[in-house]
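So the chains spell out like this:
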Amino acid sequence: MPPKEHKLVYQAQNNLQAHCIKGMLAQIGIEAVLNNEVLSGALGELPVDINTEIYVYHTQFYRASKAIQGFELNSEPDWQCKNCHEINAASFEICWHCSTEHNPTDN
C-alpha cells in the first residue's frame, strides 16, 4: 500500500497502461507509485477485475489528474478490422487475427 501522503489518481486497465501513465507523469516531474501491479500480473487469464492503481503525492494530485485527462483525450480509439471485424488495439497497424492492414480513414 502506498504511503499515507499519496492519493489515488487513476486505476489503469492493465500494467502496460499503468506504466505508460507513470512514464508520462515522470516526464512532467510527478513521481507515481503503482499498486496491485504484481497481483494483476499473477492472475494471468483468470477472470478477475483488478486494476493497477496509480498514486501520486497529494500535493501533485490536481496536476497529475489534468495530465492524465489530457493523455486520455489524445489516445486513439481501438479499431475494427474491415475484413474479419475483430477489434484491435489502437497501436496495432495490422489486424492481429487476419493480418489485414489498418487504414485509419476506414474507421
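Refer to the structure above for everything that follows.
Computed from a predicted model, the values in this text were never measured in an experiment.

Calculation notes
Residues numbered from 1 in each chain as written. Predicted model: local features only at pLDDT ≥ 70, side-chain atom pairs only at ≥ 80, totals over all residues. Heavy atoms only, no water. Helix = DSSP H or I, 4+ residues; strand = E, 2+ residues; numbered from the N terminus. Expected span 1.5 Å × (residues − 1). Buried < 20%, exposed > 50% of the residue type's maximum accessible area, 1.4 Å probe, protein only. Arc of directions from axis to C-beta. Polar contact = N/O pair within 3.5 Å; in protein donor to acceptor, adjacent residues only side chain to side chain. Core = buried A, V, L, I, M, F, W, Y, C linked by side-chain atoms within 4.5 Å. Contact = heavy atoms within 4.5 Å.

Q: Mind laying out helix α1 (residues 15-27), listing which residues take part and the relevant values?
A: With 13 residues, α1 should reach 18 Å at 1.5 Å per residue; the first-to-last C-alpha distance of 18 Å fits that figure. Every buried residue of α1 is accounted for by Gln17, Ala18, Ile21, Met24 and Leu25. Angularly, the buried residues of α1 cover 130° about the axis, an arc narrow enough to put them on a single face. Exposed residues on α1 whose side chains face more than 90 degrees from its buried face are Leu16, Ala26 and Gln27. The opening residue of α1 is Asn14, an N-cap whose side-chain oxygen sits 3.2 Å from the backbone nitrogen of Leu16. Gly29 sits one or two residues past α1 and shows a positive phi near 85°.

Q: Tell me about unusual backbone geometry, and name the residues and values.
A: Residue His85 is not a glycine yet carries a positive backbone phi of 70°. A positive phi angle, close to 70°, is found at Ser99, a residue other than glycine. Here Ser99 is to be found in the segment after β5 (87-88).

Q: Describe the nonpolar core, with residues and values.
A: Val9, Tyr10, Ile21, Leu25, Ile54, Val56 and Ile68 are the most contacted members of the largest nonpolar core, which totals 15 residues. Where this core is concerned, the elements lending two or more residues are β1 (6-12), α1, β2 (32-35), β3 (52-57) and α3 (61-74). Considering each element in turn, this core owes the most residues, four residues, to α1. Once residues lying within four places of it in the same chain are set aside, the contact partners of Ile68 are Val9, Tyr10, Ile21, Met24 and Leu25.

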